[in-house]
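# Inside the fold
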Protein chains: 4
Amino acid sequence: MQLGMIGLGRMGANMAQRLMKRGHALVVHDTRAESMADLQKQGATGTVVLEEFVSLLAKPRAVWLMLPAAVVDSVLARLVPLLDAGDIIIDGGNSYYHDDIRRGGELKTKGLHYVDVGTSGGVFGLERGYCLMIGGEKDVVEHLSPVFASLAPGGNDPAAPAVAAPGKSTAPLGYLHCGANGAGHFVKMVHNGIEYGLMAAYAEGLNILRNADIGLRSHEVDAETTPLLHPEHYQYSFDLPQIAEVWRRGSVISSWLLDLTADALNDDPTLSNFQGRVSDSGEGRWTAIAAIDEAVPTPVLSAALQERFSSRGNADFANKVLSAMRSEFGGHVEKPASKT
Amino acid sequence: MQLGMIGLGRMGANMAQRLMKRGHALVVHDTRAESMADLQKQGATGTVVLEEFVSLLAKPRAVWLMLPAAVVDSVLARLVPLLDAGDIIIDGGNSYYHDDIRRGGELKTKGLHYVDVGTSGGVFGLERGYCLMIGGEKDVVEHLSPVFASLAPGGNDPAAPAVAAPGKSTAPLGYLHCGANGAGHFVKMVHNGIEYGLMAAYAEGLNILRNADIGLRSHEVDAETTPLLHPEHYQYSFDLPQIAEVWRRGSVISSWLLDLTADALNDDPTLSNFQGRVSDSGEGRWTAIAAIDEAVPTPVLSAALQERFSSRGNADFANKVLSAMRSEFGGHVEKPASKT
Amino acid sequence: MQLGMIGLGRMGANMAQRLMKRGHALVVHDTRAESMADLQKQGATGTVVLEEFVSLLAKPRAVWLMLPAAVVDSVLARLVPLLDAGDIIIDGGNSYYHDDIRRGGELKTKGLHYVDVGTSGGVFGLERGYCLMIGGEKDVVEHLSPVFASLAPGGNDPAAPAVAAPGKSTAPLGYLHCGANGAGHFVKMVHNGIEYGLMAAYAEGLNILRNADIGLRSHEVDAETTPLLHPEHYQYSFDLPQIAEVWRRGSVISSWLLDLTADALNDDPTLSNFQGRVSDSGEGRWTAIAAIDEAVPTPVLSAALQERFSSRGNADFANKVLSAMRSEFGGHVEKPASKT
Amino acid sequence: MQLGMIGLGRMGANMAQRLMKRGHALVVHDTRAESMADLQKQGATGTVVLEEFVSLLAKPRAVWLMLPAAVVDSVLARLVPLLDAGDIIIDGGNSYYHDDIRRGGELKTKGLHYVDVGTSGGVFGLERGYCLMIGGEKDVVEHLSPVFASLAPGGNDPAAPAVAAPGKSTAPLGYLHCGANGAGHFVKMVHNGIEYGLMAAYAEGLNILRNADIGLRSHEVDAETTPLLHPEHYQYSFDLPQIAEVWRRGSVISSWLLDLTADALNDDPTLSNFQGRVSDSGEGRWTAIAAIDEAVPTPVLSAALQERFSSRGNADFANKVLSAMRSEFGGHVEKPASKT
């Protein structure tokens, strides 16, 4: 089917490409003409003029936004007046589900349909397909099912595009209508919250392995340093790339994230190209806030989020307070930088 | 090659079976004759008499123990006097790596070789193969490589048993010599620590999804209950089995544990057959202790462990202390059992 | 000075009483006449009619609200139309500081002044005085300083009411102008967040002491139960009331919360009158959310909050997911209810 | 009574001084003569020769060790052969309670008595008195009660030394016989574990207050930075020294640690003399391990400990793993150092 796509960054361009390979007609729009060049060579119709973009779409129009969350509202402000009742807007980016609820309501008053789609798969989605979590009206989501089926992994085979059997769930194909507006991004938000937890679990475990040689290192003996009681228990110099690799094979903790971790460690066992300043892009925070609103305990997901905050130095002042207290009550003097 | 195996519970029996299918000769021993019956039908030689078991093995003997950690030492006390210098004992269970270090040292004085093997794969290992993390002397581990290759997933194809190319890592085949004695169980210990973290991440995320309908429920209004400021944000009744299923398809959080979770939710979306009292079998605790000894921060892995302690009611007294304090300073009276 | 007070629950009545003892003229209002009876005997003017209440106050009026956060807005809706430009409304309850910012702005357009006051001290405040954290316009706060000084501990001595020296901080007296509207409740919010952390620290520590006899108890030996490696290290039957008492005397962890804890344990060492279902009344959640917005790591404060969620059974579903996973991959069967 | 004291660092010298002021006869020993000079001026008998030290003590001798935990065993090795049956050794330092159990047993075979004393109070103990948590034989502890009473706060008044009424608890005086050997240091260990939690609670809360101005700062807008949705909620520039001060007055969170914190912030509101590398001296780790052994959940105490590990850079490798994963699946590039 025909689909308009606005926003041709890494994710949007890959998705447009995947859709065209599966026979869909893409009309694309980006403010930077160079972002569209490759797609145009592959058959997309492209224009930097938003009005022209809209006019190229058959009614009811379906417009997929693949934009940073922070600019969606400003693009909508320009796009919506150009659309007609019955048209559909799909937000496939990382919007906060609160915004979906608000937008869905606002657009409904104008006769427009809004669909929120949480998209997972990263840069590998082009080949592997994208996992799609969808919120919106049931019949609108069904109308768009050819697009979802082609983006999702179940539609990998161009010769045999997957279509869900009537009445059967589409989940095994890799896309799912999760509920009303906001449901798609809510599920994606929690997905990312879980992702933080999984990543932290591997990272902490690998850090334990990496320091299993602590008994081989020399240690200071002073009142500020806890002695290592049993150095004979920490005499291992583990080969992390090999261990990550073997865990991929038949273990309970095998996963796609572990596949990627093994790959990264194989490239550079010490990960020396990274500083360890870990960004967080919103969903992890929103997950933590949703859990608080629901009074659901999330010790692991919250800890994973806060580990990222700490990685960026944001605990520094709290730590200074601790050192100041220790200085006050015990006369403890801070030790200079050195681990353990 | 010939292998003796002691302990034919679920894990041991499956491993013996897998080895025989791949052409190895199994001599098995268990104190319960009925545990050996099936294996004997499949070609194993079995005996309830330990002395006979030993006599049936060709030197240098290789004896694999697949026993609860708590009984390994008592079995060793009976087995060791029957063995000869050059024989090999493999502990494939869940021993604490401290014990491996001790045992390796003790057995060495008797001319015996000790190999510790952390085994992951659970009940599915019979078909999928086991991920093996191995500690011990290099040449002894190499001597046993036909056994390891057959147990590991890389040896899945009976027609083409995988053998690591000389000088190449065996990790892609699913087994790895990780270091000296204790290294195998150390790596397996951390593996399980990570497992706890991964499991908790999924469990917490699903709990958030399950409570996304909190805005649909009625709430008490009193000074002891935090009001839900935005019930309109929590109006979702999510289908957890479908969501777990769709996440398996192309998402960043796909994993084998997620496959199992989707399966369990599909069987029973409310998991009503479970009470939620979660055992912990040692490795998670040992991982946490190793991290403390190494001064490695493990907020996620520790939280996952403690969540299990709490699931068994072990926080009850601490919670009573909190209620008592609130009663003291604010005259707060505990609310009767009801969630919020 | 003259002060109107609306809301004569436990906190409001005590505060009115303390103010009268220090010479202030109180006009009180509550919808329940019986709430005012005692105060009237002590000299307060009281009325159940809001209009009469307002008419009894001299301009510029000062009206202190001591109400549950959830009803403040509805009371304001009725009160505000009765007031005149220049009048002052003080919210001394536990409002969310977001609401203060909004209300301050709204009331300003009507020429009214709004002051938010976070109040700590609980039921003991009547005698000990209240710690007051104040947000609002500087000159309005100064105008009210006789009231604040009398409520705060520094004003304990009726014969010598404390007044801050000009240009000196009032903090040592127990009240502080913290900033613009919302500042008072922001500081109080964080105060309560800290309170959760302090309480949890004591509660967890006492729980460790209480279980220091675990080596004296018998233990199951099975694959689902981690063996206690060194029962000889856990042979202590500690007297918790005595320990809490001794810690009050000269230790680094002495505090008012510890005083209360010792008192509660002295009354009932097993705290058997409590179930351990711990409410949370909002500020702890808001603190956690503020920390997330600021990207400030709060592992301790968040853990304390989530411990409360767990105490009310809100982790149950997550724990069932864990048990279901364990059943899937390892065939683990849940153990019946029994601790450890 | 007469007491021998070995180890005259900051703690030991202060304790000796406090005891002499209350009429006890001190015989002191340190390998550095200059450590004893001041005490000798105040009336102590001192010698650098251990044999002479022992000979100066009347039988049954009472020898108090105030030494770093790491050197206690080596001092005992030299001291014990010089003692006679019935003599008493008191370890008032920060020994691991496991060592107390072992030492108590070993010394008993020689007819010697061992008493373990956890001591809290820091540099202020000289004036305020020390909180003493005591493990050992009941009659031996009673024999030493004049010493304990003088060290504890209850014995503050030289003119009226506190003595517990017969049959009454000594806890209100500030010392307590907690149980058999190890009990004193076990209770002290948990005391310090709690201390970590309390300290972290204040530190995290102050860090939230300090960053309440985040809405006033400019922010980058990119896909790696979570936008601050409501900058209008974070416009506060709080005066931390004043807030810490006001909290000391009548609030629920008043404590001695808060007194010290207010003092430190008053000296330097930005704590710029500290780097925030926070040591941990053993008890916090041992507390966490005891909790794991007991299966007692300690989310707050554990988080506080791990925050200290992180403060020393020990999470760096784990954070690099996170960045590496993000780079793999999403092509995310690390942002350069800058908070938020």
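Per an unreviewed UniProt entry, the recorded name for chain A is 6-phosphogluconate dehydrogenase (Decarboxylating), and the organism is Phyllobacterium myrsinacearum. Recorded in UniProt for chain A, the comment headed Pathway (unreviewed entry) runs: "Carbohydrate degradation; pentose phosphate pathway." In its Sequence similarities (unreviewed entry) section, the UniProt entry covering chain A states "Belongs to the 6-phosphogluconate dehydrogenase family."

### Re the overall build of chain A
Regarding its fold elements, chain A presents 14 helices and eight strands. Viewed in the frame of its principal axes, chain A has a C-alpha envelope of about 75 × 45 × 40 Å. In chain A, which comprises 340 residues, the proportion classed as buried is 63%. A sequence separation of at least 24 residues applies to 65% of the contacts in chain A between residues at least 6 apart. Accessible area for chain A stands at about 11600 Å²; split by element, carbon and sulfur atoms hold 53% of it.

### Focus: helix α11 (residues 256-267) of chain B
End to end, α11(B) covers 17 Å across 12 residues, agreeing with the expected 16 Å (1.5 Å per residue, within 8%). Along α11(B), the positions that sit buried rather than exposed are B:Trp256, B:Leu257, B:Leu258, B:Leu260, B:Thr261, B:Ala262, B:Ala264 and B:Leu265. Next to the buried residues of α11(B) lie α6 (125-128), α9 (183-210) and α10 (240-247) of chain B together with α14 (316-330) of chain C. At the N-terminal boundary of α11(B), the capping side chain belongs to B:Ser255, with an oxygen 3.4 Å from the backbone nitrogen of B:Leu257.

### Some points on the pattern of salt bridges
Throughout the structure, instances matching the rule amount to 68 salt bridges over all chains. C:Asp38 is the salt-bridge partner of C:Lys41, the closest N and O atoms lying 3.7 Å from each other. Here C:Asp38 and C:Lys41 lie together in helix α2 (residues 33-41), a separation of three residues that amounts to about one turn. Using a relative accessible area of 70% as the deciding quantity, one classes C:Lys41 as exposed. Note that D:Arg249 and D:Glu245 form a salt bridge whose closest N and O atoms lie 2.6 Å from each other. Linked by salt bridges that have partners in common, A:Asp73, A:Asp91, A:Asp99, A:Arg102, A:Arg103 and A:Glu106 make up one network.

### Some thoughts on the interface of chain A and chain B
Taken together, the contacts link 79 residues of chain A with 79 residues of chain B. For the pair chain A and chain B, the summed buried surface comes to about 6500 Å²; carbon and sulfur atoms form 72% of the total. When the buried area of chain A at its contact with chain B is split by residue, A:Ile208, A:Tyr236 and A:Val252 rank highest and sum to 11% of it. Where chain A meets chain B, there are zero salt bridges. Joining chain A to chain B, the criterion identifies 23 residue pairs in polar contact (both at pLDDT 80 or more). Put simply, the parts of the chain that give the side of chain A that touches chain B at least two residues each are α5 (97-108), β7 (131-135), β8 (175-179), α9 (183-210), α10 (240-247), α11 (256-267), α12 (283-294) and α13 (299-311) of chain A. For the side of chain A that touches chain B, the per-class residue count stands at 48 nonpolar, 22 polar and nine charged.

### Examining the state of the cysteines
All told, the structure shown has zero disulfides over all chains when counted by the stated rule. The thiol of D:Cys131 is unpaired, and the distance to the nearest cysteine sulfur, on D:Cys178, comes to 8.6 Å.

### Some points on the packing of helix α10 (residues 240-247) of chain C against helix α11 (residues 256-267) of chain C
Residues and elements named next belong to chain C. The geometry of α10 relative to α11 is characterised by a closest axis approach of 8 Å and an angle of 155° between their N-to-C directions. Comparing their axes, α11 and α10 come out roughly antiparallel. Helix-helix and strand crossings are classified by hand; for α10 and α11 the assignment is left-handed. Facing α10, whose interface residues are Leu240, Pro241, Ala244, Glu245 and Trp247, α11 presents Leu258, Ala262, Leu265 and Asn266. Split into classes, the residues belonging to the contact of α10 with α11 amount to seven nonpolar, one polar and one charged.

### Quick look at the relation of the copies chain C and chain D
When chain C is fitted onto chain D, the two copies agree to an RMSD of 0.0 Å after a turn of 180° and an axial shift of 0.0 Å. What the rotation and shift describe, once combined, is the action of a two-fold rotation axis. No C-alpha of chain C approaches the rotation axis more nearly than that of C:Ser255, which lies at 1.9 Å. The fraction of interface residues of chain C whose copies in chain D are also interface residues reaches 100%, indicating that both copies meet through the same surface.

### Some details on unusual backbone geometry
The linkage connecting C:Lys59 with the following residue, C:Pro60, adopts the cis geometry, with an omega of -10°. Backbone geometry at A:Ala295 places phi at a positive 60°, although glycine is not the residue there. Here A:Ala295 shows up in the loop between α12 and α13.

### A look at the relation of the copies chain A and chain B
Its rotation angle being 180°, the transformation that places chain A on chain B also includes 0.0 Å of axial translation and leaves an RMSD of 0.0 Å. The residues that chain A uses at the interface reappear at the interface of chain B in 100% of cases, marking a shared surface.

### A few points about the confidence of the model for chain A
When the pLDDT values of chain A are averaged, the result is 93; 93% of them are 70 or greater. With a pTM of 0.95, the predicted complex shows an ipTM of 0.94.

### Focus: the side chain of A:Glu334
Position of A:Glu334 among the secondary structure elements: in the segment after α14 (316-330). At 7.3 Å, D:Arg277 is the nearest oppositely charged side chain to A:Glu334, a buried residue that forms no salt bridge. Here A:Ser323 takes part through its side chain, which lies 2.4 Å from a polar atom of the side chain of A:Glu334.

### Here we look at the sheet that holds strand β1 (residues 2-6) of chain B
Residues and elements named next belong to chain B. Across the sheet, which stays open at both edges, the eight strands sit in the order β3-β2-β1-β4-β5-β6-β7-β8 with mixed pairing between neighbours. A single partner strand is all that each edge strand has here, and the edge strands are β3 (45-47) and β8 (175-179). The average undirected angle you get between the axes of adjacent strands in this sheet is 25°. Bridge count for strand β4 (residues 62-65) against strand β5 (residues 88-91) is four bridges, and the pairing is parallel.

### Notes on the domain arrangement of chain A
Residue and element names in this part refer to chain A. Structurally, chain A comprises domain 1 (2-160 + 167-180) and domain 2 (188-314). A C-alpha centroid distance of 35 Å is found between domain 1 and domain 2. Contacts between the two partners involve 11 residues from domain 1, matched on the other side by eight residues from domain 2. The junction of domain 1 with domain 2 conceals about 870 Å² of combined surface from both sides, 67% of it contributed by carbon and sulfur atoms. The largest per-residue losses of area from domain 1 upon contact with domain 2 belong to Asn94, Tyr96 and Met133, which jointly make up 48% of the total buried on that side. Where domain 1 touches domain 2, the interface holds zero salt bridges. Across the domain 1-domain 2 interface, the total number found is three residue pairs in polar contact (both at pLDDT 80 or more). Considering each element in turn, the side of domain 1 that touches domain 2 owes the most residues, three residues, to strand β6 (residues 113-120). Residue composition of the side of domain 1 that touches domain 2, grouped by class: four nonpolar, six polar and one charged.

### Quick notes on the interface of chain C and chain D
On the side of chain D, 79 residues touch chain C, which itself brings 79 residues to the contact. The contact between chain C and chain D buries some 6500 Å² in all, and 72% of this surface belongs to carbon and sulfur atoms. On the chain C side of the interface with chain D, the three residues burying the most area are C:Ile208, C:Tyr236 and C:Val252, jointly 11% of the side's total. One can count zero salt bridges joining chain C with chain D. Joining chain C to chain D, the criterion identifies 22 residue pairs in polar contact (both at pLDDT 80 or more).

### Here we look at the packing of aromatic side chains
Enumeration according to the criterion identifies 48 aromatic pairs over all chains in this entry. Centre to centre, the rings of C:Phe148 and C:Tyr175 are 6.0 Å apart; their planes meet at 40°, and the pair counts as tilted. On the criterion of sequence distance, the pair formed by C:Phe148 in helix α8 (residues 145-151) and C:Tyr175 in strand β8 (residues 175-179) is long-range, its members being 27 residues apart. Looking at C:Tyr175, the relative accessible area reads 5%, which means it is buried. These aromatic residues form a ring-pair network of at least three members: A:Tyr96, A:Tyr97, A:Phe186, A:Trp286, B:Tyr234, B:Tyr236 and B:Phe238. The residue whose ring lies beneath B:Arg308 is B:Tyr196, and the NZ or CZ to ring-centre distance is 3.6 Å.

What counts and what doesn't
Residues numbered from 1 in each chain as written. Chains lettered and ligands numbered in written order. Predicted model: local features only at pLDDT ≥ 70, side-chain atom pairs only at ≥ 80, totals over all residues. Heavy atoms only, no water. UniProt positions renumbered as here; feature names shortened; annotations may be inferred. Helix = DSSP H or I, 4+ residues; strand = E, 2+ residues; numbered from the N terminus. Buried < 20%, exposed > 50% of the residue type's maximum accessible area, 1.4 Å probe, protein only. Contact = heavy atoms within 4.5 Å. Areas by Shrake-Rupley, 256 points an atom, 1.4 Å probe, with all protein chains shown as cover. Expected span 1.5 Å × (residues − 1). Polar contact = N/O pair within 3.5 Å; in protein donor to acceptor, adjacent residues only side chain to side chain. Salt bridge = Lys/Arg side-chain N within 4 Å of Asp/Glu carboxyl O. Buried area = accessible area lost by both parts, 1.4 Å probe. Nonpolar A, V, L, I, M, F, W, Y, C, P; charged D, E, K, R; others polar. Disulfide = S-S within 2.5 Å. Axes fitted to C-alpha atoms, helices over the stretch in contact; angles between N-to-C directions. Parallel < 35°, antiparallel > 145°, perpendicular 65-115°, else oblique. Left-handed = near helix turned anticlockwise from the far one by under 90°. Least-squares fit on C-alpha atoms with pLDDT ≥ 70 in both. pLDDT = per-residue confidence, 0-100. Lys, Arg positive; Asp, Glu negative; His and termini not counted. Pairing = 2+ DSSP bridges. Domains from an automatic or database assignment. Phe/Tyr/Trp six-rings, centres within 6.5 Å; stacked < 30°, edge-to-face > 60°. Lys NZ or Arg CZ within 6 Å of the ring centre and 35° of its normal.

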